[in-house]
Amino acid sequence: MAFPLDPDTVSHGIQLSVAPVFLLTAVSGMIAAVAGRLARIIDRARTVEQHIKHQTHPEETDANYAELAELRTRGLLANSCIALLTLCGILIGVTIMVLFLGETIDFPGLRISIITFLGGVGCFLLALLCFMAETLIATRLLNFARKNT
């Protein structure tokens, strides 16, 4: 296995493998956004649990348990989203490595790069669906008061 000394081959390999890096930028931004949402979900769940411990009215306790159930669902969706985004990042990273190796050392990995790239994009799309479901559940809980005119 000889490494090429041709700078054009190496630079073309870098150009080819850099394109998927832009997807990694989107993935990292989404992980940060979803992690922030997950932190808010956890904080709210802790607050609701404290309210349950100090409640004396059963109707309020039932409402709090219902909210905890929604928060649990939202937390599960956020965790699933982060897991899918992490898997996406791994698959895109493998794609980048295979593309670079394929261009620089004649590594026969075209099929591998196709599978890993499509797998990464698929994970990204599934993560977007989880994110959308979580935000729909979150906004369903909103109850904005309106001023009577």
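Calculation criteria
- Residues numbered from 1 in each chain as written.
- Predicted model: local features only at pLDDT ≥ 70, side-chain atom pairs only at ≥ 80, totals over all residues.
- Heavy atoms only, no water.
- Helix = DSSP H or I, 4+ residues; strand = E, 2+ residues; numbered from the N terminus.
- Buried < 20%, exposed > 50% of the residue type's maximum accessible area, 1.4 Å probe, protein only.
- Contact = heavy atoms within 4.5 Å.
- Areas by Shrake-Rupley, 256 points an atom, 1.4 Å probe, with all protein chains shown as cover.

On to the overall build of the protein. What the protein contains, in helices and strands, is four helices and zero strands. Ordered by position from N to C terminus, the α and β elements of the protein give α-α-α-α. Within the protein, the fraction of its 149 residues that count as buried is 30%. Nonlocal contacts in the protein, meaning residues at least 24 apart in sequence, comprise 79% of its contacts between residues at least 6 apart. Accessible surface, the protein: about 9,900 Å² in total, of which carbon and sulfur atoms supply 67%.

Relative to the assigned elements, Ile 31 resides in helix α2 (residues 21-53). Residues Ile 31 and Leu 85 lie 54 residues apart in sequence; the distance between their C-alpha atoms is 6.7 Å. Contacts of Ile 31, omitting those with residues within four sequence positions, involve Leu 85 and Thr 86.

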